[in-house]
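# Understanding the architecture of this molecule
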Amino acid sequence: MVISPSRTTPLALRLEHVSHAFHSDGAIVPVIDNVSLQAAPGEFVALLGPSGCGKSTLLRLIAGLEAPKEGAIYGDDSPVTGPGPDRIIMFQDPTLYPWRRVRGNVALGHDINGRADDEAVTAALKLVDLLDFERAWPHQLSGGMAQRVALARALVNDPRLLLLDEPLGKLDSLTRLTMQTEILRVWREKQFTALMVTHDVEEALLLATRIVVFSPRPARILADIPVSLPERRHRDDPKLLSLRKDILAQLGHREDW
Amino acid sequence: MSQRLASSVRFAPSPNVTTVRRAFPLAQTLPWLAGPVWLVAALVTWRAPDADDFPATNDLAVLFAALGVVLLVAAAGRRLSARAPWAIALGVGFGLWEVAQAKLLWLPRPFFGTPQDLLDVFQSDWRKLGDSLLHSLALLAIGYLGGATLGIAVGAGLGRSPRFRYWVRPIMRLIGPLPPVALLPLAFVLIPSSRVAGDALMALAAGFPVAVLTWSGIAAVDPAYYDVARTMGAKQRFLLFHVALPAATPQIFVGLFMGLGASFSMLVVAEMLGVKSGLGFYLQWAQGWAAYPNMYAALLVMSLMCSALMTVLFKLRDHLLNWQKDGLKW
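Residues numbered from 1 in each chain as written. Chains lettered and ligands numbered in written order. Predicted model: local features only at pLDDT ≥ 70, side-chain atom pairs only at ≥ 80, totals over all residues. Heavy atoms only, no water.

The condition that has to hold: UniProt positions are given in the numbering used here, feature names are shortened, and annotations may be inferred rather than shown by experiment.
As recorded by an unreviewed UniProt entry, chain B carries the name ABC transporter permease and is attributed to Acetobacter nitrogenifigens DSM 23921 = NBRC 105050. In its Sequence similarities (unreviewed entry) section, the UniProt record describing chain B reads: "Belongs to the binding-protein-dependent transport system permease family." On record in UniProt, under Subcellular location (unreviewed entry), the comment for chain B is "Cell membrane".

An unreviewed UniProt entry lists chain A under the name ABC transporter ATP-binding protein, with Acetobacter nitrogenifigens DSM 23921 = NBRC 105050 as the source organism. As its UniProt record puts it under Sequence similarities (unreviewed entry), chain A is described as follows: "Belongs to the ABC transporter superfamily."

### Details of the interface of chain B and chain A
Applied cut-off: Contacts between residues were defined by any pair of non-hydrogen atoms, one from each residue, lying within 4.5 Å. Joining two parts hides part of their accessible area as seen by a 1.4 Å probe, and the buried area is that hidden amount summed over both. For this document, the term salt bridge refers to a Lys or Arg side-chain nitrogen within 4 Å of an Asp or Glu carboxyl oxygen. Secondary structure elements follow DSSP: runs of H or I no shorter than four residues count as helices, runs of E no shorter than two count as strands, and numbering proceeds from the N terminus. Residues are grouped as follows: Ala, Val, Leu, Ile, Met, Phe, Trp, Tyr, Cys and Pro are nonpolar; Asp, Glu, Lys and Arg are charged; every other residue, Gly included, is polar.
On the chain A side, the residues contacting the 20 residues of chain B number 27 residues. Summed over both sides, the interface of chain B with chain A buries roughly 2,000 Å², with 67% coming from carbon and sulfur. Connecting chain B to chain A are one salt bridge. With a closest N to O distance of 2.7 Å, A:R60 and B:D227 form a salt bridge. A per-element tally of the side of chain B that touches chain A places helix α9 (residues 223–231) of chain B first, with seven residues. Here the side of chain B that touches chain A is built from residues that sort into eleven nonpolar, five polar and four charged.

### Quick look at the sheet that holds strand β3 (residues 44–48) of chain A
Residues and elements named next belong to chain A. Formally: Only strands that DSSP links by at least two bridges are regarded as paired with each other. Lines are fitted to the C-alpha atoms to define the axes, a helix being fitted only along its stretch in contact, and any angle between axes, read from their N-to-C directions, falls within 0 to 180 degrees.
Spatial ordering of the open sheet is given by β6-β7-β8-β3-β9-β10, a layout of six strands whose pairing is mixed. Both outer strands of the open sheet, β6 (87–90) and β10 (221–226), are each paired with one neighbouring strand and no more. Strand-to-strand twist of the sheet, defined as the mean angle between neighbouring strand axes without regard to direction, takes the value 15°. Pairing between strand β9 (residues 210–214) and β10: five bridges, direction antiparallel. Residue pairing for β10: V212 is matched across the bridge by D224.

This is how it looks when you write it as structure tokens:
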């Protein structure tokens, strides 16, 4: 089998009975309650749920930034014990380092792992169409551009699993539409497994191949819905709209408006 | 954004334009005034009789005249525009000082000297002044650089390691606020070499603010910065040197400036009280001999030294923090 250099072998993800809790002033606050979940290699799974339900915590556990209190997480059948460049998380804020230029920010993963691959950095910058801005400082970028730099910074590591923690949450609605297309294009091109936290039902339906709906905190899985829509989706597609109605109902919004 | 703003300003009929035009002849003549002012000061110094037997009057006149010529050349080369008012003011100032003190002797001697007294000190005692400057610089370099390095290390430890913080924070809280000058008598007793004692106290004086501000800078680092690096596999070493310290650099520089000021004070006190060389020692010695012109000369050298070192630190900061949007200009 020939693997093109721009593609990676996507990761198969498996969560088994994962529970997590925070300690807060001596009290234990459960945030994730017995979540079991699988994502096949190359799948785009949207994690949908009300704000503050614990979806972001779930991504942190999968990224290995924190260890779950109970249960286990497997990537390709080997347990996740800590962070690694094959599972990259992209946050709601771009969190670019202000002391690095755009190019330096994109090269962060290489600096950490002692690689020097200028071509890969250039390719990632090209992929998000920001090569002209490689010498710019982060404070000179707009919100959408900064988030695209963050996307390039994630992609330069050739992640096998990309964890998207509401990366479009703070963008204005037009930039958001552009970025949705951007993410979809990159996912098709690079073929990694993607897990995206969002509370925007429409966004989930436009991007994901599967939608997992969570309850309010502590997060439990309420529904696991495959999205069998064509690759080119339109937000006015009646099938999409009826799915949207179903999911909103799952989330407790039966009055559709 | 700013470009758009600039173009809209350019096209708007601006009242400033006319003001600038009217002021233009003055801006053009001012540089040509600086040289003549100094030449007049030179003439007065040379021709008017001294009120007492002052040394180096003619040398001073030559110096003034030379400055006048240099300023005329600068004006001809159009390199004086922004500095012209200062060049004129200094010429007028030195001229008035010369007239008031050397020609009319308005203020009591020897506490108030003449310009030629000062020039005489630099002519006759430049070797000793230069030697003192070098000794001060050497003492300062070791004390300040040592203290700054130590301060950054301690601050990094306080910011990143809970165990280090547990043990070192109480010591910092006890010793830090104490003016290091208060430790001087003890240091001279405990450390046989007064130079080493001076360096140690200067390091303490510089190190404390650097440590506290490095610590607070690291404590204020957005935790998300660490998460971003950790998700790519960064270990503690990378997080310290490539995330925590760069993010804390603006704060560290605040500490470095405070520390530099503190080590200047410590330098002078140490040299006045124990170290047998340097500008502080020269100052003390000059006062002992009532050699007031020497004192003024040493003060001038000292302030030039401190100002130059501050400038170096500002340049370093501007270089390292070129990613910041704006900063104070020195």
